Each structure stands twice: as structure tokens, then as C-alpha cells.
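# Structure at a glance
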Amino acid sequence: MALWMRGSVSFVALREMLSFIAQHPDGVRPKEMKIWAREQARLRTRNGKLVSNTTIYHYRNTLRHLGIVRVVNGRYQVAKETSLVWDLLRSLQPGLPELSLLERELFAQFVVRNQDCQRYFFNLFMPEGTEDYDLEGFLRKGTPVVWRRVDTPQGPAEEIYNVAQTEKKRWIRSEDERQAILYGVRYWARNELGFIDEIYLEGMGGLMFPVHLNGPIPDPHILKALREALTPEEEWTVFSLRKLAITWGPNYRISLERLYGTLKWVYWHFPQHVVLIPTSEAFATITATSSQAEMYHLRGYLQDDKGRYISHIRVHRKLREAALWPEIMPV
Amino acid sequence: MAGDYARLKLRFNPFEPAASGVPIFNGLWIPDRWATPLRGFLDEMQHTQGAKAFAILGEYGSGKTYLLRWLEREELPKRRVRAFFFDNPGVQFYDLANTLMRQLGREEFAKALWEFLDPRLQGFQPSLFGRSFQEWLRAIKEHRREEDAVRELSQRLQEKGIASDEEIRHKLARLIMETYERPYFEYRDFVAGRRGALVPEKEEAPYFAAILRALRLTGGAKSVAFLIDEFEEISLQKRLTKRQAHEYLATMKQLINMTEREQFWIFVAMTPQAAEITEQLEPALWERFISHGEHRFQIPPLNMEEAKKLVAHRLAAARPEGDSGPDSLFPFPENLVELLREDVYSSPRRLVKVCSVAVARAASEEIPVPFTAEYLEKIQEELYPRPPQEAPSS
């Protein structure tokens, strides 16, 4: 049976569609939904294109599979019997260009709790024997997972495995699985809802790990970790940012954006104690074979105000005493 | 010379304005913390049979190029090692051959090899006064003895232990002979498989080894060293094809293999990130390259003492004879380094650039000497402004 998760789904558009359906207690027929989506709401895909009939189908199908709407006599109605749906309805802010944090959290709950999404993707992150988890459980217990493209005797395929439990593995061999898992659920979690992040490592592949949906910049845990990682015997300590990302990212469940934002904050406040070390862009993308792959590889690097990609930073030991650092006091 | 350097007790500005070059005057100075591990490696290499490769890692402006030039000019000649410097050589193996041969010059290389081989053609009377290389080539041409000459040169290449492979000997012999018509190299000479190419196909490593032996023997050197700068800037184009990325790694592998068999050393300067990626792509290759971490040197940022010494050394080289100035840092104040930010004095490029601008401006304007803290602060902020103080919003 074909999988239903698709990467073209924009959760902003899902919110708009849900809001439209919620205005019609008796439900909405697919044809009405199509006219509304294309002619009135002018819904867009994630890439900014006006939605096609197929995309509208995927949108309502996604809402149905996630258990947010149900179909009664050919009409789509909001599935109000679950409290989580009520929470979502109460939080909806239609018309805004982005999802609010609460909307993201609630949509993420639906995605993580969905059995297909768990079976094909999220279970790979979870320790053996973990059952019936929600977003909090995923964020608390999930461990890093790698995906990579491999040439197999049966042809090219993608392998997804848990780094700590390599026997937890899934092979993706069909285009349907690829669209549903790699470009569907993975994109939803990473790009649309922001509760996993990913960094590409040469020789390994894309390392994915659960991250909190929000948090402060600077992050006090990262400030503390940075301070403790400084070698007191050496005047300067050099850090590989990608190594920091693959260690601190999964440990503190922090996104690259917040991690690098925190390091930029330190640089902006103590420029005399922090030196940003740029990389050669050609080398950073040495294994990229397309401009898309190039962008994907570069997302693992911190980009400074001058647009340079930063691979390392060096930090002077004086940073330990440079300030009282009230930002880390709560930790 | 433009500018009044006399009141600064200098003959010229000893700091490069671009601060990415290397001074051409005097001996090159590097801190002991840099020199000691490198000298240790050089001593060890003279008696080793294993891979003779060394990675110098450092951020942009940390002194990688300077360190390679120090090896080339100061340390390697003392050990009778003939050094060749390469800047961003390209991904393919023959890119190195091309760069190397162009550096040497075709006529120079061919002539040196010809002299070393000392070919004798049967029935070809040597001149009473000895022929020059060009005269010999001309005489061969006039007497239509090219084929005999190639055969003889090929024979001599084997006898002298430069190459045993027939094709390689033939290509090298042709390289000498055809110098008469074309005393320069073209890139196509090094594209294997092309008509008239001077390099054999699929024989890159043995051919290159033969060239290395020729360089060593003709120069009376114990070893040949390649100093490769900016290895990470392997391609001018932004994106490498899969094949080019493979070629880059293959080139590196071939070079390392060669250091094991030949009297050949390589020093590669790269950014820490280039080392990191190479290690991730080919862990085994990288481990062999750096001999499990022993043949790797991460250039440490300058400390205050080293920064002060760097400035003093540069100034000393530019002092008028018999006038060393009031103190070794003049026209800079004695506490120069304390006045600069850590991120500035710790980076040789930044330090040299700040000093360069300070001296240049003082040579053309009425700047009080020794320079004041305000003057230096102003230059420092002009060149390396602090980032905006606002933190990103959460």
C-alpha cells in the first residue's frame, strides 16, 4: 500500500485548510475544498507555488491520517472528539505567514504520535522497547540517526540507522518510501515543525537528532558547556563547530540555529577573545554533486555577518573570566 | 623611497601591506614553539623508511605560507633537500607535474638532465671544445640522428637509475630532445593520452618518481621536498565533480605512496577543516599521512612574547646601519602587544597588517613617535572592527 506522507505539504497551508473546515460543522466536500484552496485562499506549497489538485488531495489526506479531520459521507469534518484537536483549534491563528510556536508544537504532537510516522521514521530514534511515546517522550529519549545514500547490488538505496543501536535500521528502496520518509516526515520534522535538526558529515551522511522547538539565544547550557570546554593550560582553545554541533546538539537537544546563534552571541560580546575561522567553500562541499546538495552540506556551517562559512572558532581562556555571565546563572 | 622612514629609525617599511606574502629580506624567523617540532620531524625523516609526509594545519592568516617558506629557504637547504613550492596545485596528479616543470622551466630541466646523462652517440664525434646543450640538439637535428639520440638517452636513463620502464624512459628522452623546437612546457604536455603528451598514460606515479630521481640526482641533493600550500583550495571552480573529488584523494594517496619509496618528502599546509574533511572521507589515508598524529602540526596562535619578537625581528631587518633605535620595538611603544587585542596580536597576518599600516601612515604624516595607544587602537579598529554589539534576538 502506498504511503501517504508527502514532502510538498506545508503546515501553514494545513492550518489554513483546517481553519476553513472548522468553519463548516457539517463538513466540506473535496470539490468545495479545491475551489476554496485555489481561488479564495490561494494556498501555496512549501516551494511557494499555487497548490495543484494533487497537493490539495495530499493536504486533506495528511489532516485525515494525522487524525485531525475525519470523513463522514464524503465530507471532511474536524475530529472534535480528541482533546488535542480542540487544543489545536483553539491555538489556530489563520492568515499569519508562519506557524506560531504553539501551532508548531501541536502539529508536531500529531506527527510524532502518528503510527505510520513512528513506524517508518521516529521509532528509529527511540531506544529498543519504547512504545507509545509523544513529542515530549521523543525529545527526551530520542537519539541520533544517520541517513545516507548507498550503492547496493540492487541499485542505489538509502539507509537510515540509529548511531547508538546500528541494528535499528531501515532501507529505503522505492520512490514511494523516499517521498514519504525522507522528503515527507523528515522534512516535516526538520523544516516545517523544527523538532529535529540535521548536519551532513563527510564519510557518514546526514546526522539527525531531536531538538527542542524553541529556547533562548544565548542558550545558558551552551554557554556553560563552552566555558567548561576551554583548556585552562592553553591560551587558546580551537573548536570544530561541526564537532560541537554533533556533540552538543544531541546532548542538549539544541538546533544548529540556536547553537550557532549562541556562539555568535559570544563572538559579538567578546570579539577580542573569539576568532572565527572561515572555511574554503569549495572544500566544504567537496562531495556535493548538485547545488541542492551544496546548500545541504553548507547548512552545517555557521555563517557570519560577512557571509563566510565558519568551520572552527578559537577562544581565549580569558573568556572564562571575561564576564560574570549572568546568562548561565540559571543553569 | 617614498615617505620619511628616517625619523622612525627605519630604511623601509618591514611589514607587508597585504600581509599575505613573505618578506624577501633577511632570514625568516619563526617562534621556537613552531621550529622545534618541525626540526624534530626533519631530523627523523632523514633516517626513516616510512611515509615522509607532514601536515601543517592553521587558520587563514596563521602563518602557514610563512612556515612553508621558512622550510623552503632556511631549513631544507641545510639538510640538502631540494624544495619546490606549490600554491593550490589542482586535483589531478599531472597538475603537480605541470606546475613543477613550469617552475623549473623546460630548458633548465632538460639541460640538467642531459648533462647528468652525458649521452654518447656512436659515430657522432664530440666537438673539440665541448658542445653546449643547444649546440648538441642542433647538431642532432642537422644530422637527423633524433631517433638514435632518444635511444641513447633512454639507455642512459636506465644506467643512471632514473627509470627502468621503457615508456617512461622514452617520454623523458623525448622531453629532452624536443626542447630544441619548443623550449617551454604547455599544459597539454601533461595531459596523459593526448597526442604528443610528454607523460605516459596510467603511469603517473612511476613517471613522477623518475622525475623526482632526476631532480635529486641532477641537483646533487639527498632528497626532494614538495611544499604544497592551500591544499584545500584545490579548485578554482566552486563545485568539484565526483570524479575531481576522487582525483584529489587519489593524488594524495599517490604522493604518500611515493614518499615511502623515494627520497621524497611532502609538506602540506591546510586549514583545520580541510584536514577534518579529508580524515572523514578517508580515515585510513589520513592516518597514514600524519603517521597516527605524529606528523601533524597545528600552528598555535602567537602569544604576547612571540608577537613582540616577530615585530622586533622585522624592525631589526630595516634599521639603518649602526642605528638600532631607542629600543627594539621603536617606533612602536614597548608595551605594543599589551595595547592590541588578543585576536589581533595572536594572528601573524593581523599583527603584520596593523604594523604595516602604522608605519606607512607615520612615514607620510606627522604621527608622534613612539606611537600612542590611541593611534594603534584607531588602526586596529579600522582594519579589524569589532562586530556590532547587539545580540541576536531569542
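First, a word on scope: everything that follows refers to the structure included in this document.

What counts, and where the lines are drawn
- Residues numbered from 1 in each chain as written.
- Chains lettered and ligands numbered in written order.
- Predicted model: local features only at pLDDT ≥ 70, side-chain atom pairs only at ≥ 80, totals over all residues.
- Heavy atoms only, no water.
- Buried < 20%, exposed > 50% of the residue type's maximum accessible area, 1.4 Å probe, protein only.
- Helix = DSSP H or I, 4+ residues; strand = E, 2+ residues; numbered from the N terminus.
- Pairing = 2+ DSSP bridges.
- Phe/Tyr/Trp six-rings, centres within 6.5 Å; stacked < 30°, edge-to-face > 60°.
- Lys NZ or Arg CZ within 6 Å of the ring centre and 35° of its normal.
- Patch = residues over 30% accessible without salt bridge, like charges linked within 9 Å, V, L, I, M, F, W, Y side chains within 5 Å.
- Areas by Shrake-Rupley, 256 points an atom, 1.4 Å probe, with all protein chains shown as cover.
- Salt bridge = Lys/Arg side-chain N within 4 Å of Asp/Glu carboxyl O.
- Lys, Arg positive; Asp, Glu negative; His and termini not counted.
- Charge placed at Lys NZ, Arg CZ, Asp CG, Glu CD.
- Contact = heavy atoms within 4.5 Å.
- Core = buried A, V, L, I, M, F, W, Y, C linked by side-chain atoms within 4.5 Å.

Residue and element names in this part refer to chain A. In terms of burial, strand 8 (residues 236–240) is largely enclosed, as 4 of its 5 residues are buried. Summarising the sheet, strand 8 and strand 11 (residues 309–316) pair through 5 bridges and their orientation is antiparallel. Looking at the pairing, V238 lines up with R314 of strand 11.

With the rule as written, the count across this model stands at 25 aromatic pairs over all chains. When the ring of F20 of chain A is compared with that of W36 of chain A, the centres are 4.3 Å apart and the planes differ by 5°; the resulting orientation is stacked. Of this pair, F20 of chain A sits in helix 1 (residues 11–22) while W36 of chain A sits in helix 2 (residues 30–40), and the two are 16 residues apart along the sequence. Taking relative accessible area as the criterion, F20 of chain A reaches 11% and is therefore assigned buried. Above the ring of W236 of chain A, the side-chain terminus of R314 of chain A is found at 4.4 Å from the ring centroid. Note that R69 of chain B overlies the ring of F85 of chain B, its terminal NZ or CZ placed 3.5 Å from the centroid.

Attention now goes to a positive patch on the surface. A surface patch of like charges, here positive, comprises K31, K34, R38, R42 and R44 of chain A. In this structure, K31 of chain A sits in helix 2.

All names here are of chain B. Inspection of the secondary structure puts L340 in the loop between helix 13 (336–339) and helix 14 (342–345). The buried category is assigned to L340, whose relative accessible area is 6%. Ignoring anything within four residues of it in the chain, the contact list for L340 reads Y345, L351, V354 and Q380.

A few words on the nonpolar core. Counting residues in each nonpolar core, the largest one holds 72 residues, and the members touching the most others are F226 and M270 of chain B. No other element matches helix 8 (residues 204–218) of chain B, which puts 9 residues into this core.

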